[in-house]
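Architecture and fold: a report
Listed here are the chains, written in short residue letters.
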Amino acid sequence: MNASASLISFLNVGRNYGTGGGLVQALAGVDLEIRQGEFIAITGPSGSGKSTAMNIIGCLDRPSSGQFRFLGINVGSLNRDQRALLRRNYIGFVFQGFNLLNRTTAIENVELPLIYRGMARSERRDRAAVALGRVGLAGREHHTPGELSGGQQQRVAIARAIVTDPLLLLADEPTGNLDTQRSHEIMELIAGLNADRGITVAMVTHEPDMAAYARRLIHFVDGHISSDSEQKAA
Ligand code: ADP
Ligand code: MG
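The notes below deal with the structure included here. (Residues numbered from 1 in each chain as written. Chains lettered and ligands numbered in written order. Predicted model: local features only at pLDDT ≥ 70, side-chain atom pairs only at ≥ 80, totals over all residues. Heavy atoms only, no water.)

What follows deals with the site of ligand 1. Ligand 1 sits among Tyr 17, Val 24, Ala 26, Pro 45, Ser 46, Gly 47, Ser 48, Gly 49, Lys 50, Ser 51 and Thr 52. Contact distances for ligand 1 include 2.7 Å between an oxygen atom and a backbone N or O atom of Gly 47. The contact in question runs from an oxygen atom of ligand 1 to an N or O atom on the side chain of Thr 52, over 2.6 Å. Looking at the shell around ligand 1, the elements that each hand over two or more residues are strand S2 (24-35) and helix H1 (50-57). In terms of residue count, the dominant contributor to the shell around ligand 1 is H1 (3 residues). Grouping the constituent residues of the shell around ligand 1 by class yields 4 nonpolar, 6 polar and 1 charged. (Near = heavy atom within 4 Å. Polar contact = N/O pair within 3.5 Å; in protein donor to acceptor, adjacent residues only side chain to side chain. Helix = DSSP H or I, 4+ residues; strand = E, 2+ residues; numbered from the N terminus. Nonpolar A, V, L, I, M, F, W, Y, C, P; charged D, E, K, R; others polar.)

Moving on to the side chain of Ser 183. Along the chain, Ser 183 falls in helix H6 (residues 180-197). Look past the residues within four positions of Ser 183 in its chain and what remains in contact with it is Thr 175, Leu 178 and Met 210. (Contact = heavy atoms within 4.5 Å.)

Looking now at the sheet that holds strand S5 (residues 73-74). The strand order across the open sheet built from 4 strands is S2-S1-S4-S5, with neighbouring strands paired in antiparallel fashion. What marks the edges here is a single partner per strand, and that holds for S2 and S5. In terms of strand pairing, strand S1 (residues 6-17) meets S2 through 9 bridges, oriented antiparallel. Paired with Val 13 across the two strands is Val 30, which belongs to S2. (Pairing = 2+ DSSP bridges.)

Note: strands within a sheet are paired through backbone hydrogen bonds, in either parallel or antiparallel orientation. Taken in spatial order, the 6 strands make up an open sheet running S6-S7-S8-S3-S9-S10, and their pairing is mixed. Of all the strands in the sheet, just strand S6 (91-95) and strand S10 (224-230) have a single pairing partner and so form its edges. Put simply, the sheet's adjacent strands are angled 15° from each other on average, direction ignored. Direction of pairing for strand S3 (residues 39-43) relative to strand S9 (residues 216-221): parallel, over a ladder of 4 bridges. Opposite Ala 41, over in S9, you have Leu 217 as the bridge partner. The sheet contacts of H1 involve S3, S6, strand S7 (168-172), strand S8 (200-204) and S9, and relative to S7 the element is tilted by about 155°. Against the sheet, helix H5 (residues 150-162) contacts S6 and S7, and its axis sits at roughly 165° relative to S6. (Axes fitted to C-alpha atoms, helices over the stretch in contact; angles between N-to-C directions.)

Given below as structure tokens:
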């Protein structure tokens, strides 16, 4: 796939919650273009629309007005199942709280997205083991989350996100629960997935030190993009 092809476009996207006097304009006419291979950090104060934008990018939600396109597809015209297919095939998600299944081993957590794809067990196991190797967790396949550190749990979550070879990795505060050292290790890993495997990355973060790993910085204020600039790699 062409590294500069358009992956995401927002055309005057609005997203409202509530009605009448209780109406909240979470996004107020956002234009945004993200090409394949980019590494983007999204920053902005609490309530500025970051998560709303991420939910739309992740095909979990749809605009109230304007148009959102993913790989040129108008996602606003898709139903729930069609959007689920887009997510399953093209997008990996990483969250602040890791969101792993607790009494389930690392490799079983990583296999989950492949089960949804109907892949045979032996192939699932092989692929999950490769993904765990990529995040530096070879040898930890049979540990449960409780037997792993926070940084290791986030590595399992990243392995789960990339096991399907997604085009896009979406991360909402991926280092929010980690100490500084572990945060930098996770950012090195994410930056490596972008640089070495060409995975497009969009990440929300409050921390300037973590945003510094991205090549493009987008700042939200009051449901608008207030700045959008290229930056040198950390
Ligand atoms: P951020 O992630 O930047 O903190 P959000 O995108 O979560 O901001 O929220 C943007 C605005 O939309 C906020 O005013 C928030 O209260 C509101 N909002 C978000 N989700 C909902 C919802 N499900 N129902 C009502 N209001 C919401
Ligand atoms: Mg948020």
